[in-house]
Amino acid sequence: ETASSSKPVKTEKREQVSEKAKAAKETLKEKLSDARKERLTTYVTKASERFNRLIERQDAMIIRIENYLRKQEEKSVDVTAAKAKLIEAKAGLETAKTHVAGLAAEAIKVFETSTPKDALKNLQKIVKVAHDSLMDAHKKIAGVISTLKGDRQDNASTTPAVAQ
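Residues numbered from 1 in each chain as written. Predicted model: local features only at pLDDT ≥ 70, side-chain atom pairs only at ≥ 80, totals over all residues. Heavy atoms only, no water.

Some words on the side chain of S48
Part 1 of the reasoning: The residue S48 is located in helix α1 (residues 2-74) in this model.
Part 2 of the reasoning: When sequence neighbours within four positions are dropped, the list of residues in contact with S48 reads V100 and L103. (Helix = DSSP H or I, 4+ residues; strand = E, 2+ residues; numbered from the N terminus. Contact = heavy atoms within 4.5 Å.)

If you want it as structure tokens, here you go:
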């Protein structure tokens, strides 16, 4: 009789331990989930700040280039090629601004979806697209500057005829 009566007690204890373990596991899962959300929020915030600072610098560069082009036009210098490249650079920068603005909206979706892994992968793709579009805009701005420098060097390299 004692052997049969000890089995239910052991089973009860196992169930209690199992339930406690499940509860502890759920608590830990919630803590980890909160920590993940916090890390993701920090990541998105810092990435957005970095991208926005880069956009501001590129906007400032475009304004400086526009001012320079205006001055060169007043001196009757042909700047049509540089202006065309500048228009491309502005369009690229606007595309980058759109992608960076979508970054915060996508981060919110990660928290609200039932499949955060898929949403996180989508967020990573958007971050990459935003980064690539910013780098593309930067290359276009550098192209405008190199066009201007090339024009300047072409003008400077013409040597005056020497009278004999």
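Overview of helix α2 (residues 80-112)
Part 1 of the reasoning: An ideal rise of 1.5 Å per residue puts 48 Å on 33 residues; α2 measures up with 49 Å between its terminal C-alpha atoms.
Part 2 of the reasoning: The largest bend along α2 reaches roughly 25° and is located at L103.
Part 3 of the reasoning: Among the residues making up α2, those that are buried are A82, L86, A89, G92, L93, A96, V100, L103, E106, A107 and V110. (Expected span 1.5 Å × (residues − 1). Bend = angle between axes of the 7 residues up to and from the residue. Buried < 20%, exposed > 50% of the residue type's maximum accessible area, 1.4 Å probe, protein only.)

A closer look at unusual backbone geometry
Part 1 of the reasoning: With a phi angle near 65°, S76 is a residue other than glycine that sits in the positive phi range.
Part 2 of the reasoning: Summarising the element assignment, S76 is placed in the loop between α1 and α2.

Examining the environment of A142
Part 1 of the reasoning: Structurally, A142 can be placed in helix α3 (residues 116-157).
Part 2 of the reasoning: Sequence separation of A142 and K85 is 57 residues, and the distance between their C-alpha atoms is 9.6 Å.

Structural notes on a positive patch on the surface
Part 1 of the reasoning: There is a patch of like positive charges on the surface, built from R36, R39, K117, K121 and K125.
Part 2 of the reasoning: For the positive patch, the elements supplying multiple residues, two or more each, are α1 and α3.
Part 3 of the reasoning: Looking at the positive patch element by element, the count peaks at three residues for α3.
Part 4 of the reasoning: Mapped onto the fold, K121 is located in helix α3. (Patch = residues over 30% accessible without salt bridge, like charges linked within 9 Å, V, L, I, M, F, W, Y side chains within 5 Å. Areas by Shrake-Rupley, 256 points an atom, 1.4 Å probe, with all protein chains shown as cover. Salt bridge = Lys/Arg side-chain N within 4 Å of Asp/Glu carboxyl O. Lys, Arg positive; Asp, Glu negative; His and termini not counted. Charge placed at Lys NZ, Arg CZ, Asp CG, Glu CD.)

Some thoughts on the environment of T41
Part 1 of the reasoning: On the secondary structure map, T41 appears in helix α1.
Part 2 of the reasoning: Separated by 67 residues in sequence, T41 and I108 place their C-alpha atoms 8.9 Å apart.

Considering the nonpolar core
Part 1 of the reasoning: Grouped together as the largest cluster of nonpolar side chains are 28 residues, with contacts concentrated most on F51, I65, L69, L103, L123 and L134.
Part 2 of the reasoning: For this core, the secondary structure elements donating two or more residues are α1, α2 and α3.
Part 3 of the reasoning: When near neighbours in sequence (up to four residues on either side) are disregarded, L134 contacts F51, L54, I55, Q58, L93, A96 and V100. (Core = buried A, V, L, I, M, F, W, Y, C linked by side-chain atoms within 4.5 Å.)

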